[in-house]
Amino acid sequence: MTNTLSKILLVGLVLSCQTGFAQTITGQTAGLENTPNGKIVKAWYTAWEKSDWNSMTQILADGFTFSSPLDDHIKINVVKERCWPNSGKIKTVDVQQVIMNGDAVFVIANGYNTDGKLFRNCDYFKLKDGKISSYECFFGPGINYPTSGK
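Rules of the game
- Residues numbered from 1 in each chain as written.
- Predicted model: local features only at pLDDT ≥ 70, side-chain atom pairs only at ≥ 80, totals over all residues.
- Heavy atoms only, no water.
- Helix = DSSP H or I, 4+ residues; strand = E, 2+ residues; numbered from the N terminus.
- Buried < 20%, exposed > 50% of the residue type's maximum accessible area, 1.4 Å probe, protein only.
- Areas by Shrake-Rupley, 256 points an atom, 1.4 Å probe, with all protein chains shown as cover.
- Core = buried A, V, L, I, M, F, W, Y, C linked by side-chain atoms within 4.5 Å.
- Contact = heavy atoms within 4.5 Å.
- Pairing = 2+ DSSP bridges.
- Phe/Tyr/Trp six-rings, centres within 6.5 Å; stacked < 30°, edge-to-face > 60°.

Our next topic: the overall build of the chain. Looking only at helices and strands, the chain has 4 helices and 7 strands in total. Order of helices (α) and strands (β) in the chain, N terminus to C terminus: α-β-α-α-β-β-α-β-β-β-β. Per-residue burial over the chain gives 36% buried out of 150 residues. Just so you have it, the chain exposes about 8600 Å², and 55% of that area is on carbon and sulfur atoms.

Rendered as structure tokens:
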């Protein structure tokens, strides 16, 4: 019994130590500007809001891939053709929560298209050498993406 209790306590200690290294930030724009990786993620959302392709390309690593329920690790040229036209329909993106763990960043955000319709995403960024190497988007309530027609 003592051995089992010791193992449970050890596992609890290990798990609590690991979560201590992750950083959770909440609130509008979530203070992303306070860390180097946060600045890059903030620049991602700003580029979409401003439809600024030049700014977007500055923060993407060589070999960047984009994934969503509709896209499976597509390359940057396909992103520009298939996804980037949506940027013209994005009015704003409000970051609700950010969890950073080294070069991995999870973001939950509410976005609004130019018609005022909500889209909600959970985004997962992998960063390498100060640039975004991959992005995965998971759609939530509301419209799936700014031009989905819902």
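As a further point, take the nonpolar core. Within the largest apolar cluster, 30 residues are counted, with the highest numbers of intra-cluster contacts made by Trp 44, Met 56, Phe 66, Val 107, Phe 125 and Ile 132. If you tally residues by element for this core, the top one is helix 2 (residues 36-50), at 6 residues. When neighbours within four sequence positions are excluded, Ile 132 is seen to be in contact with Ile 40, Trp 44, Ile 59, Leu 60, Ala 61, Phe 64, Phe 125, Lys 126 and Leu 127.

Two elements, strand 5 (residues 104-113) and strand 6 (residues 118-128), share 9 bridges in a ladder whose sense is antiparallel. For Phe 106, the partnering residue across the bridge sits in strand 6 and is Tyr 124. Between strand 5 and strand 6, which pair antiparallel and follow one another directly, the connecting turn spans 4 residues, one of which, Gly 116, has a positive phi of 85°.

Turning to the packing of aromatic side chains, a few remarks are in order. All told, the structure shown has 10 aromatic pairs when counted by the stated rule. Here Trp 44 and Tyr 135 contribute two aromatic rings whose centre-to-centre distance is 4.4 Å and whose plane-to-plane angle is 35°, an arrangement assigned as tilted. Highlighted residues: Trp 44 in helix 2 and Tyr 135 in strand 7 (residues 131-142), separated in sequence by 91 residues. When its relative accessible area of 5% is taken as the criterion, Tyr 135 is described as buried. Joined through ring pairs, the aromatic side chains of Trp 44, Tyr 45, Trp 48, Trp 53, Phe 64, Phe 66, Trp 84, Phe 125 and Tyr 135 make up one cluster.

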